[in-house]
Amino acid sequence: MADAAVELVLRSTRVITPGGTRAASVAVAAGKITAVLAHDAEVPAGARLEDLGDDVLLPGLVDTHVHVNDPGRTEWEGFWTATRAAAAGGITTILDMPLNSLPPTTTVDHLRVKQDVARAKAHVDVGFWGGALPDNVKDLRPLHDAGVYGFKCFLSPSGVEEFPQLDQERLATSLAEITGFGGLLIVHAEDPHHLESAPQNPGPKYADFLASRPRDAENTAIQNLIDQARRLNARVHVLHLSSSDALPLIAAAKAEGVRITVESCPHFLTLTAEEVPDGATEFKCCPPIREAANQDLLWDALADGTIDCVVSDHSPSTADLKTGDFATAWGGISSLQLGLPAIWTEARRRGRTLEDVVRWMSAAPAALAGLDAKGAIEAGRDADFAVLAPDETFTVDPAELHHRNQVTAYAGKTLYGVVKSTWLRGTRIADHGTPTEPTGRLLERQN
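These notes cover the structure that comes with them. Because the structure is a prediction, the values reported are computed rather than measured.

With respect to the pairing of strand β2 (residues 20-29)
Both faces of the sheet carry side chains from a regular strand, because those side chains alternate between them.
Here's step 1: Along β2, 7 of the 10 residues are buried, which leaves the element largely enclosed by surrounding structure.
Here's step 2: Pairing geometry for strand β1 (residues 8-17) and β2, over 8 bridges, is antiparallel. The residue of β2 that forms the bridge with serine 12 is alanine 24.
Here's step 3: Turn length for the β1-β2 hairpin, with the two strands adjacent in sequence and antiparallel, is 2 residues.

Some points on the pattern of salt bridges
In a structure, side chains of opposite charge can pair up when their charged atoms sit close to one another.
Here's step 1: Counted according to the given criterion, the structure contains 31 salt bridges.
Here's step 2: Here aspartate 382 ties to lysine 32 by a salt bridge, and the two come within 2.7 Å at their closest N and O atoms. Of the two residues, aspartate 382 is situated in the loop between α12 (354-369) and β15 (385-395) and lysine 32 in strand β3 (residues 32-37); the sequence distance between them amounts to 350 residues.
Here's step 3: Residue aspartate 382 is classed as buried on the basis of its relative accessible area of 9%.

Section: the sheet that holds strand β13 (residues 260-264)
Here's step 1: Overall, parallel pairing links the 6 strands, which are arranged β9-β10-β11-β12-β13-β14 in an open sheet. Of all the strands in the sheet, just β9 (130-131) and β14 (309-310) have a single pairing partner and so form its edges.
Here's step 2: The sheet contact formed by strand β11 (residues 185-188) and strand β12 (residues 236-238) spans 3 bridges and is parallel. By the bridge assignment for β12, isoleucine 186 is matched with histidine 237.

Details of the packing of aromatic side chains
Pairs of aromatic rings are described using the distance from one ring centre to the other and the angle between the two planes.
Here's step 1: For the structure shown, the criterion picks out 8 aromatic pairs.
Here's step 2: Note on phenylalanine 209 and phenylalanine 326: the rings are 5.7 Å apart at their centroids and 20 degrees apart in plane angle, and the pair reads as stacked. Placement of phenylalanine 209 in helix α6 (residues 206-212) and of phenylalanine 326 in the loop between β14 and α11 (339-349) is noted, with a sequence separation of 117 residues between them. In this pair, the class of phenylalanine 209 matches that of phenylalanine 326, namely buried.
Here's step 3: An aromatic cluster is built from Tyr206, Phe209 and Phe326, whose rings are joined through pairwise contacts.
Here's step 4: Sitting over the ring of tryptophan 76, arginine 73 keeps its end group 5.3 Å from the ring centre.
Here's step 5: The residue whose ring lies beneath arginine 348 is tyrosine 416, and the NZ or CZ to ring-centre distance is 3.7 Å.

Quick notes on the rules
In this convention, every chain numbers its residues from 1, walking through the sequence in written order. Reporting of local features is limited, given that this is a predicted model, to residues whose pLDDT is at least 70; pairs of side-chain atoms are given and counted only at 80 or more, and all residues count toward the totals for whole chains, interfaces and linings. As a rule here, side-chain values come from all non-hydrogen atoms in the structure, and water together with hydrogens is ignored. Burial classification: accessible surface area is computed with a 1.4 Å probe over protein chains only, and a residue below 20% of its type maximum counts as buried, one above 50% as exposed, and the rest as partly exposed. Numbering of helices and strands runs from the N terminus; a helix is a DSSP stretch of H or I covering at least four residues, while a strand is a stretch of E covering at least two. Paired strands are those between which DSSP finds at least two bridges. The working definition used for a salt bridge is a side-chain nitrogen of Lys or Arg within 4 Å of a carboxyl oxygen of Asp or Glu. Each Phe, Tyr or Trp ring (for Trp, its six-membered ring) is paired with any other whose centre lies within 6.5 Å, and the angle between the two planes then decides the class: stacked below 30 degrees, edge-to-face above 60, tilted in between. Consider the ring centre and the ring normal. A charge sits over the ring if Lys NZ or Arg CZ is within 6 Å of that centre and within 35 degrees of that normal.

Here it is in structure tokens:
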């Protein structure tokens, strides 16, 4: 380790690299990883050594599904609070969804507004998705050229009037345009006709809400999306998969060569319909948290690669919008700070490894978005790290969360995996849950 440029060495008996977990020393210079060397490698003169002991050094997590809601609905969240929560939770890069901010990220001008708001508030690196609406096909290529990572659309009502859904004809039009310049469409896949025909019984009973968002709505929307992607040779991504019934459709499409990827979320993988109390609308999201047997199949699909990645779909609101009626309460789970320990707690129970968690929550989301500098501990990547004590536990206290509104479905749960520190380009940005001053950068797609 004789490179005079090395400024920092992080040493651990457990470093998770693309080649596996090993004892190593990780050399950092100018914000980049320069080498992954033997555990006892000599530290060069002038470099600072951080000996992490047996705590695990893993690549900073990449969360490609975050609703920051800033500007316009900053009482729901904001770049300052969201990125502090991310840093405290071991996340070093987020991609912001084009809604529920006002304005939504559906034109280049709107993107610039959002970037201007985020620039001084980002504790982690921040990139942006664009939005595909019925009337903004002309804006898609300019947004792509301006550096958004892809385009989100809804196939059913989004919940906010400024972000209307695409019907099948407009989906085809937008997808053809996006495919023409090599872009990516990410899709909230629920079929509106199945939702409209499902039983609608407002009130506090979770069973009634679950019946109102049937699996068939997801299954049909995903099948239609596969058909469109096959026809156009388009690249598509299914957001927040909840229905295990869709997994055979997805697996068959992948085997056929359809360019489709899929994510699921911590709440679908760690919470079950059976445990949701009536009136507890902090558990409401769309699509919904389903039964334990459904969850088992989602985990099987993670293991075999049918589901590619796990991201938060952090979609907060003010507490007053979480009314006791599942029909009218805002739908969204706040989990940005808790995703890593939530997934690790369930993964270890199911016999999965931290290497699996890193693949699902860092490497695969980075690959989805083309974030080539993120997602792995290897030479040439950004020196983004999380330091985790995987066998330590904590009990979730909403008051200790950095989210603007401390409403969470995980309140009172005891989780494995304490994030000791988080590092962005070789700088510690959170220490034992306390973020430092913001040093995040705004990212733009490079390829």
